[in-house]
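If you want the building blocks of each chain, they are given just below.
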Amino acid sequence: QVHLVESGGGLVQAGGSLRLSCAASGIIFSVNAMGWDRQAPGKQRELVASITSGGSTNYGDSVKGRFTISRDNAKNTVYLQMNSLNPEDTGVYYCNAQRTAAWGRPITYWGQGTQVTVSS
């Protein structure tokens, strides 16, 4: 099992910044990638950012240029630095991790989510 715990969410004004953290524990040696999704009220969950074990990153179009995902292997933690926040960034942010099990079977784990609210 891989357990994920998010932190760092909160209330911030438009134009401000926030950094989210996601700490992983459990069977983490085989984790291939970690990332963040978000879900705003009335909208479907969408990709925010992801990072592979090799450091390759990917971002959703709406956050490109404003958000940065990074990792700290020593702490088994992935971070999401969010800059130039706007009210449309409001939502619950979920950390995720993908592990490749036996025979290449992918398994995705999810955190409980952390609320991010951006005021105008």
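Data block above holds the structure.
These numbers were taken from a predicted model, which means no experiment stands behind them.

Asks: Explanation requested: the layout of surface pockets in the structure shown.
Replies: If you roll a probe as big as a water molecule over the atoms, it shows you where there is empty space left. By volume, the largest pocket is sized at about 250 Å³. As for the largest pocket, its lining consists of 16 residues, and the residues nearest its centre are Val31, Met34, Ser53, Arg71 and Asn73. For the lining of the largest pocket, the secondary-structure elements that each account for two or more residues are strand 4 (31-39), strand 5 (46-52), strand 7 (67-72) and strand 8 (77-82). The element contributing the most residues to the lining of the largest pocket is strand 4, with 4 residues. Residue classes in the lining of the largest pocket are distributed as 8 nonpolar, 6 polar and 2 charged.

Asks: What is the right way to read the nonpolar core from this model?
Replies: One recurring pattern in soluble globular proteins is that nonpolar side chains are buried together. Ranked by internal contacts, the top residues of the largest apolar core, which has 29 residues, are Leu4, Met34, Trp36, Leu80, Met82 and Tyr93. The biggest single contributor to this core is strand 3 (residues 18-26), with 4 residues. When near neighbours in sequence (up to four residues on either side) are disregarded, Met82 contacts Gly16, Ser17, Leu18, Leu20, Arg66, Phe67, Tyr93 and Val116.

Cut-off values and rules
Residues numbered from 1 in each chain as written. Predicted model: local features only at pLDDT ≥ 70, side-chain atom pairs only at ≥ 80, totals over all residues. Heavy atoms only, no water. 1 Å grid on protein atoms, 1.4 Å probe; cavity = no way out; pocket = protein on both sides within 12 Å on 5 of 7 lines; lining within 4 Å. Points joined across faces, edges and corners; volume = space filled by probe spheres on them. Helix = DSSP H or I, 4+ residues; strand = E, 2+ residues; numbered from the N terminus. Nonpolar A, V, L, I, M, F, W, Y, C, P; charged D, E, K, R; others polar. Core = buried A, V, L, I, M, F, W, Y, C linked by side-chain atoms within 4.5 Å. Buried < 20%, exposed > 50% of the residue type's maximum accessible area, 1.4 Å probe, protein only. Contact = heavy atoms within 4.5 Å.

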